[in-house]
Structure formats: structure tokens, C-alpha cells
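Survey of secondary and tertiary structure
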Amino acid sequence: MSRAGNPRGRRGGSPPSGGLLRWTLSLPARLHLRWLVILVVTAAVMGAYARVLVTAAPMPPSKPPTTRAPSTP
């Protein structure tokens, strides 16, 4: 009753059960490239944030509070 020769038990060659998206998202983990994906995503987010900061409109100058002159009777 050995199952060593049963190819259905292997998951590596079988089609993905969760669909193509799940298989694609798990590809970096299966290839042991998680750190590379993390670095690429972090760099992309930092680049997008830097672009927003550089292309943003400047802050308007603040107006100092105006003081009313005391009225003389």
C-alpha cells in the first residue's frame, strides 16, 4: 500500500487549484524571491511618493494675523 508511485499526490506539476492569479502571486515565494519582490514594491512606492512630493503645488504663504488699531473716541 505504498503511495510513492502515485503522481496525483504531487502538487508541483498539477494545475493550480486557486486559479491563475493565485498561482502567479505565489510564484515569487515558490522561487524563493520574496526579498526581491519586497524591494521592488518598496522602491516603486517610494518613487511614486517622491514624484507626488516633487510635483505638488507649493504651499501658499501664510498670512500673519492682522491686529486692529485701537479706536480712539
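Up top you'll find the structure we're talking about.
Because the structure is predicted, anything quoted here is derived from the model rather than measured.

So, the overall build of the protein chain
Across its full length, the protein chain holds 3 helices and 0 strands. Sequence-ordered secondary structure for the protein chain, helices as α and strands as β, is α-α-α. For the protein chain, the accessible area works out to roughly 7700 Å², and carbon and sulfur atoms hold 66% of it.

Regarding helix H3 (residues 34-55)
Between its first and last C-alpha, H3 extends 32 Å over 22 residues, near the 32 Å set by a 1.5 Å rise per residue. A small share of H3 lies buried, amounting to 0 of its 22 residues.

Structural notes on a nonpolar patch on the surface
A grouping of Leu31, Leu33, Trp35, Leu36, Val37, Leu39, Val40, Val41 and Val45 is seen on the molecular surface, where their side chains present a nonpolar patch of about 820 Å² in accessible area. Its place among the elements puts Val45 in helix H3.

Things to note about unusual backbone geometry
With the exception of glycine, the majority of residues adopt a negative phi angle, and the majority of peptide bonds are in the trans configuration. Notably, His32 is not glycine yet its phi reads approximately 60°, a positive angle. The residue His32 is located in the loop between helix H2 (27-30) and H3 in this model. Residue His32 is classed as exposed on the basis of its relative accessible area of 65%.

Conventions used here
Residues numbered from 1 in each chain as written. Predicted model: local features only at pLDDT ≥ 70, side-chain atom pairs only at ≥ 80, totals over all residues. Heavy atoms only, no water. Helix = DSSP H or I, 4+ residues; strand = E, 2+ residues; numbered from the N terminus. Areas by Shrake-Rupley, 256 points an atom, 1.4 Å probe, with all protein chains shown as cover. Expected span 1.5 Å × (residues − 1). Buried < 20%, exposed > 50% of the residue type's maximum accessible area, 1.4 Å probe, protein only. Patch = residues over 30% accessible without salt bridge, like charges linked within 9 Å, V, L, I, M, F, W, Y side chains within 5 Å. Salt bridge = Lys/Arg side-chain N within 4 Å of Asp/Glu carboxyl O.

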